[in-house]
Amino acid sequence: MVAALPGLPPFTALLTIHFPGEDRLSILNAASPVSARRTRLFVPIARNFGVDEPVEPVVAFNARIFSEDQAIVEHQKPEELPLDLTIEAHITADRMSVAYRQLLAGLGLGRGFTS
């Protein structure tokens, strides 16, 4: 099970993956705007299992997923983050980004903030 919860808006979001039992993997996305078109993303990862196992495979897996997403995001048009969710089709995997955009819209942040 995946719990996608807004973190400390508008620049962070927390994704927690609930594995069977009490195992949890949490990924914090912390965006740091550099300019109107560039953002640095910090992604600390925490887990409460496998503490005696190397963390590198977990980090490498998540880096691969982020690099796949990065290629898509950097080539999307329009570049602005659309807050009108009715202009796109969404799948279950979009749950976190949909919740985040709803939160931004609820804060009254519009195009000037999301471009």
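These notes cover the structure that comes with them. (Residues numbered from 1 in each chain as written. Predicted model: local features only at pLDDT ≥ 70, side-chain atom pairs only at ≥ 80, totals over all residues. Heavy atoms only, no water.)

**Looking at the pairing of strand E3 (residues 24–33)**
Stage number 1. As defined by bridge partners, strand E2 (residues 12–18) adjoins E3 across seven bridges and the pair is classed as antiparallel. Bridged to Thr16 within E3 is Ser26.
Stage number 2. A loop of five residues connects E2 with E3, the two strands running antiparallel in sequence, and Gly21 in this loop sits at a positive phi of about 80 degrees.
Stage number 3. Taken together, the three bridges between E3 and strand E5 (residues 45–47) define a ladder with antiparallel strand orientation. Bridging from a neighbouring strand, Ser26 pairs with Ala46 of E5.
Stage number 4. The pairing of E3 with strand E4 (residues 39–42) spans four bridges and is antiparallel. Bridged to Ser32 within E4 is Arg40. (Pairing = 2+ DSSP bridges. Helix = DSSP H or I, 4+ residues; strand = E, 2+ residues; numbered from the N terminus.)

**Quick look at the side chain of Arg101**
Stage number 1. Among the secondary structure elements, Arg101 is positioned in helix H2 (residues 95–106).
Stage number 2. Reaching out from Arg101, the side chain makes a polar contact with the side chain of Glu88 at a distance of 2.8 Å.
Stage number 3. The residues contacting Arg101, other than those within four sequence positions of it, are Leu81, Pro82, Leu83, Leu85, Glu88 and His90. (Polar contact = N/O pair within 3.5 Å; in protein donor to acceptor, adjacent residues only side chain to side chain. Contact = heavy atoms within 4.5 Å.)

**Here we look at the pattern of salt bridges**
Opposite charge on two side chains allows them to pair when their charged atoms are near.
Stage number 1. If you walk through the whole model with that rule in mind, you get two salt bridges.
Stage number 2. For the salt bridge of Arg64 with Glu68, the shortest nitrogen-to-oxygen distance reads 3.9 Å. Of the two residues, Arg64 and Glu68 both sit in helix H1 (residues 56–75), four residues apart, roughly one turn of that helix.
Stage number 3. Among the salt bridges present, the one from Glu88 reaches Arg101, with a minimum N-O distance of 2.8 Å. Pair noted here: Glu88 is in the loop between H1 and H2 and Arg101 is in helix H2, with a separation of 13 residues, a long-range link.
Stage number 4. The class for Glu88 is partly exposed, based on a relative accessible area of 32%.
Stage number 5. Given the relative accessible area of 6%, Arg101 is considered buried. (Salt bridge = Lys/Arg side-chain N within 4 Å of Asp/Glu carboxyl O. Buried < 20%, exposed > 50% of the residue type's maximum accessible area, 1.4 Å probe, protein only.)

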